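Residues per chain are reported as follows:
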Amino acid sequence: MRKILHADCDCFYAAVEMRDDPSLTHTPLAIGGSAERRGVIATCNYPARKFGIHSAMPTARALRLCPELKLLPPDFNKYRDVSQQIQAIFHELTPLVEPLSLDEAYLDVTEVTRFQGSATWMARWLKEEALARTGIVISVGVAPNKFLAKIASDWDKPDGLFVIPPTEMESFITDLPVRKLHGVGPATATKLDTLGIASCADLRAQPMDKLLDHFGKFGRRLHELAHGIDERPVNVSRERKSVSVETTYDRDLPHRSDCHAALKPLIEKLHERMARHGDPAIAKQFVKVRFDDFSSTTQETGARGIVDVRFHELLESAWRRGERPVRLLGVGVRLVPEQAQRQLGLFDDGEPASP
Amino acid sequence: MKFSISREALLRPLTLVAGVVERRQTLPVLSNVLIEVQNEQLALTGTDLEVELIGRATPALVDEPGSVTVPARKLMDICKSLPDQSDISFSLEDGRVVLRAGRSRFTLSTLPVAEFPNIEDGQNDTTLSLPRGTLKYLIDSTSFAMAQQDVRYYLNGMLLELANHLVRTVATDGHRLAVCERSADIEMEASRKLIVPRKGVLELTRLLDGSDEPVELMLGSNHIRANTGEFTFTSKLVDGKFPDYDRVIPKGGDKVFIAERGELRQNLARTAILSNEKYRGVRLHLEENNLKVMANNPEQEEAEENVSIEYSGDALEIGFNVGYLIDVLNVLDSDRMQMTLSDANSSALMEEPGGGDARYVVMPMRL
């Protein structure tokens, strides 16, 4: 059995801002783009969440929900610095660290002998060190694999430490709602619901054939997850090449206009996801379309910053390749490789980078 | 239409005009060259709708004036491969062009002359004249730094600045910048800044020789035309705001060294062999009277070179894309090169010792 930790900072950007200005701690605070520029919320603190505000929400809507919301623009350089300090703590424990974003990482501590090999103690140590050295609270999940570790870190947030030992894995999964499984979005959840599958126990009761019939390749994955099987390794040297968001729709989008309308929430989600990665430099933006006959197409264009309207242009030309109902839409960006980013630019300090 | 011309008289204008014609075209007629024969004069025109080039030649004999369009590349390939000094005759027969030379005969397809597009040029508001050598020098000193297919479309070209008694060219791809200026006998009421697209710049310099013969420039609000008599070149302009070059020229760097240009270039070229093939980073270690250049690649192979320089000052370690340095050393018009640096994250200035017509700014790479 492996020992995997999933560490996740609690409302990271907001936490950094509250650390630097404690007067913000008890007021609703959000980090994000301004409403005038049609920005979205990247992170908000718990007082703001009480108003129903959450990440990826358009800032304009957040301000309607909570007019006294304190909105700050993101300071990615600062967040990157704090993130590096926290990552350094992870690396003191093990070299097997897979960062998922600025505020989130998997650690494989199977071979770690410190703390008598107790993953629970390691998790406690990480929390203490992160708080002491950076002032940031992290939640940690401990489990025998990645998918359970991620669920565990979220289990008693904020300031959580939740352990799923191998002996309790069975009972934990049995009661787990299927919506908690990685890859189960609204469309799959609805479909599972109509099949009368609400928990992983229900899922386990299904024969594999039936899952394959209904969900294709993903049926096998569902079957495995329901049995607590997730062999994905903690991947150390992975360079992120793209950031994207996609959705499979409950019902196919019949017309082109439906597709354009569906793009907006995806773009908002993409902005939020980019913020979680510290707004990395981008080289291209793209739109992915899968039609109801399962044919897929991707259309991309060079870009230095996300231009929302360009996604609509890309969708337009991608849609024309099929001109039929759409099953899945995705928007994303390809990132500038880390190596290429070592080359400094002449105009990086604000000379026009648009259009 | 019927005329004959010597291979040598035809080949240079045809080659240059065919250079404008793109291999892949949206409109079939754009693959063709327009041939017009009138008043003992032959004019060849090629266009891609952004750049148009007309080349002129004198036929040996004109039997019947007229005009026609034929596939540019095929015509050029045929003329190139004919023997030297061939006399080539052209005639339009039943909608096809028949080309004869010695015992060779070729029949080429045609497309209607009416379909051949004219580049929209509008009004010229300014006309001025420069020595061809001046314009060629300015372009050749800077054009290597133009961007290629950058989303900042205004960088995919060259800034041509015309001021009272001064001509300046600027090119940058966002990582390095080249600026060159020369005095010229021109009078401008107000200075003009134009962005000539990359392709236009590269075609224009091919037309120019290093002589003091004039090239006439005609400027319009959205195009530039250059006339040498033999050639008339027209290019649309890039509509955009070029970055302020003066703002990025470093001032006040405190580490100044002088190196032999040719020696340093060879030194860098050797080191480059073992740099990362794609990103081409090299480290420069600047120390008293010595510059150490080092590179390594993902295979952990290493190169180290030392070159004597004139330098007394603090040591500095700084990284560069070696290609950017070599490009500058290739075009600098002096035996020695002066480089001014301040720190590992700030741009370097390369120029002739003491400063010359041309200045080059290169941003470093993080090591």
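Keep in mind it's a predicted model, so treat the numbers as computed, not measured. Positions within a chain are numbered from 1, following the residues in the order the chain's sequence is written. Written order decides the labels, with chains lettered from A and ligands numbered from 1. Local features in this predicted model are restricted to residues whose pLDDT is 70 or higher, and side-chain atom pairs enter the listing and the counts only when it is 80 or higher, whereas totals over whole chains, interfaces and linings include all residues. Note that water and hydrogens are dropped before the side-chain values are worked out from all heavy atoms of the structure.

1. Structural notes on the overall build of chain A
Here is step 1 of the chain: Secondary structure is summarised from DSSP: a helix means a run of H or I of at least four residues, a strand means a run of E of at least two, and numbering begins at the N terminus for each. Looking only at helices and strands, chain A features 14 helices and 12 strands.
Here is step 2 of the chain: The C-alpha radius of gyration computed for chain A amounts to 21 Å, which stays within 12% of the reference 20 Å derived for 355 residues, consistent with globular compactness.
Here is step 3 of the chain: Considering only C-alpha atoms, chain A reaches an extent of 60 × 55 × 45 Å along its principal axes.
Here is step 4 of the chain: Of all 355 residues assigned to chain A, the portion counted as buried reaches 45%.
Here is step 5 of the chain: Put simply, chain A shows about 17,100 Å² of open surface, and 51% of that area lies on carbon and sulfur atoms.
Here is step 6 of the chain: We treat Lys and Arg as the positive residues and Asp and Glu as the negative residues; His and chain ends play no part in the count. The location of each charge is read from NZ of Lys, CZ of Arg, CG of Asp or CD of Glu. With 48 positive and 49 negative side-chain charges, chain A shows a spacing of 3 Å between the two charge centroids. We compute the radius of gyration from the C-alpha atoms alone; for a globule the expected value is 2.2 Å times N to the 0.38, where N is the number of residues. Only protein chains enter the accessibility calculation, which uses a 1.4 Å probe. A residue is then buried if its area is under 20% of the maximum for its type, exposed if over 50%, and partly exposed in between. For every accessible area listed, the method is Shrake-Rupley and the probe measures 1.4 Å; residues are considered covered only by the protein chains on display.

2. Some points on the UniProt feature "domain: DNA polymerase III beta sliding clamp N-terminal" (unreviewed entry) in chain B
Here is step 1 of the chain: UniProt positions are given in the numbering used here, feature names are shortened, and annotations may be inferred rather than shown by experiment. The positions UniProt marks with the feature "domain: DNA polymerase III beta sliding clamp N-terminal" (unreviewed entry) are residues 1-119 of chain B.
Here is step 2 of the chain: Measuring from the first to the last C-alpha atom of residues 1-119 of chain B gives 24 Å, for a span that is 20% helix and 45% strand.

3. Looking at the side chain of H223 of chain B
Here is step 1 of the chain: If you trace the backbone, H223 of chain B turns up in strand β16 (residues 223-227).
Here is step 2 of the chain: Nitrogen and oxygen atoms within 3.5 Å of one another constitute a polar contact, given that in protein one can donate a hydrogen and the other can accept it, and given that sequence-neighbouring residues count only through two side-chain atoms. Within the local environment of H223 of chain B, its side chain forms a polar contact with the side chain of N124 of chain B, the two groups lying 2.8 Å apart.

4. So, the UniProt feature "site: Substrate discrimination" (unreviewed entry) in chain A
Here is step 1 of the chain: As annotated by UniProt and renumbered to match this structure, "site: Substrate discrimination" (unreviewed entry) occupies Y13 of chain A.
Here is step 2 of the chain: Within the element layout of this structure, Y13 of chain A appears in helix α1 (residues 12-20).

5. What to know about the domain arrangement of chain A
All names here are of chain A.
Here is step 1 of the chain: Where each domain begins and ends follows an automated or database-derived domain assignment. Domain assignment breaks chain A into domain 1 (1-163), domain 2 (176-226) and domain 3 (242-341).
Here is step 2 of the chain: For domain 1 versus domain 2, the distance between C-alpha centres works out to 29 Å.
Here is step 3 of the chain: Facing the 4 residues of domain 1 at the interface are 4 residues of domain 2.
Here is step 4 of the chain: We define buried area as the total accessible area lost by two parts upon association, computed with a 1.4 Å probe and summed across both. A buried area of about 420 Å², summed over both sides, lies between domain 1 and domain 2, and 79% of it is on carbon and sulfur atoms.
Here is step 5 of the chain: By the criterion of area lost to domain 2, the three top residues of domain 1 are F147, I151 and W155, representing 86% of everything that side buries.
Here is step 6 of the chain: Each reported salt bridge corresponds to a side-chain nitrogen of Lys or Arg within 4 Å of a carboxyl oxygen of Asp or Glu. One can count 0 salt bridges joining domain 1 with domain 2.
Here is step 7 of the chain: On the surface where domain 1 and domain 2 come into contact, there are 0 residue pairs in polar contact (both at pLDDT 80 or more).
Here is step 8 of the chain: Of the residues that constitute the side of domain 1 that touches domain 2, the class distribution is 3 nonpolar, no polar and 1 charged. The criterion used for residue contact is that any of the two residues' heavy atoms lie within 4.5 Å. Polarity classes work like this: nonpolar for Ala, Val, Leu, Ile, Met, Phe, Trp, Tyr, Cys and Pro, charged for Asp, Glu, Lys and Arg, and polar for all others, with Gly in that last group.

6. A short note on the pattern of salt bridges
Here is step 1 of the chain: Throughout the structure, instances matching the rule amount to 45 salt bridges over all chains.
Here is step 2 of the chain: In this structure, D20 of chain A and R19 of chain A form a salt bridge, with 2.9 Å as the shortest nitrogen-oxygen distance.
Here is step 3 of the chain: On the basis of relative accessibility, which here comes to 40%, the residue D20 of chain A falls in the partly exposed class.
Here is step 4 of the chain: The class of R19 of chain A is partly exposed, set by a relative accessible area of 32%.
Here is step 5 of the chain: D246 of chain B serves as the salt-bridge partner of K251 of chain B, at 3.9 Å between the closest nitrogen and oxygen.
Here is step 6 of the chain: Residue class for D246 of chain B comes out partly exposed when judged on its relative accessible area of 38%.
Here is step 7 of the chain: Shared partners join several salt bridges into a network, and the residues in it are E17, R19, D20 and K78 of chain A.

7. A few points about helix α5 (residues 119-134) of chain A
Residues and elements named next belong to chain A.
Here is step 1 of the chain: One less than the residue count of a helix, multiplied by 1.5 Å, gives the span that helix is expected to have. Helix length check: α5, at 16 residues, gives a terminal C-alpha distance of 22 Å against a target of 22 Å (1.5 Å per residue), a fit within 8%.
Here is step 2 of the chain: Taken residue by residue, α5 has A119, M122, A123, W125, L126, K127, A130 and T134 as its buried positions.
Here is step 3 of the chain: Those residues of α5 hidden inside the fold are in contact with β1 (4-9), α1, α4 (76-93), β6 (104-108), β7 (138-143) and β8 (161-163).
Here is step 4 of the chain: Within two residues after α5, G135 carries a phi angle of roughly 75°, on the positive side.

8. Concerning the sheet that holds strand β17 (residues 231-236) of chain B
Residues and elements named next belong to chain B.
Here is step 1 of the chain: Spatially, 8 strands are ordered β6-β2-β3-β4-β17-β16-β15-β10 in an open sheet, and the strand pairing comes out antiparallel. The open sheet terminates on both sides in strands that have one partner only, identified here as β6 (66-71) and β10 (124-131). In this sheet, adjacent strand axes meet at a mean angle of 15° when their direction is disregarded.
Here is step 2 of the chain: Strand pairing follows a simple DSSP-based rule, namely that at least 2 bridges must link the two strands. Sheet topology note: the β16/β17 ladder contains 5 bridges and is antiparallel. From the neighbouring strand, I224 faces β17, where its bridge partner is S235. With axes taken as lines fitted to C-alpha atoms, and helix axes fitted only over the stretch in contact, angles between N-to-C directions fall between 0 and 180 degrees.

9. A look at the interface of chain B and chain A
Here is step 1 of the chain: Counting residues at the interface gives 25 residues for chain B and 19 residues for chain A.
Here is step 2 of the chain: Summed over both sides, the interface between chain B and chain A buries roughly 2,000 Å², with carbon and sulfur atoms accounting for 59% of that surface.
Here is step 3 of the chain: Of all residues in chain B, the largest losses of buried area upon contact with chain A belong to V151, Y279 and R366 of chain B, amounting jointly to 29% of the total for that side.
Here is step 4 of the chain: Our count for the chain B to chain A interface comes out at 0 salt bridges.
Here is step 5 of the chain: At the boundary of chain B and chain A, one finds 6 residue pairs in polar contact (both at pLDDT 80 or more).
Here is step 6 of the chain: Looking at the side of chain B that touches chain A, the elements with two or more residues in it are β13 (176-183) and α5 (245-248) of chain B.

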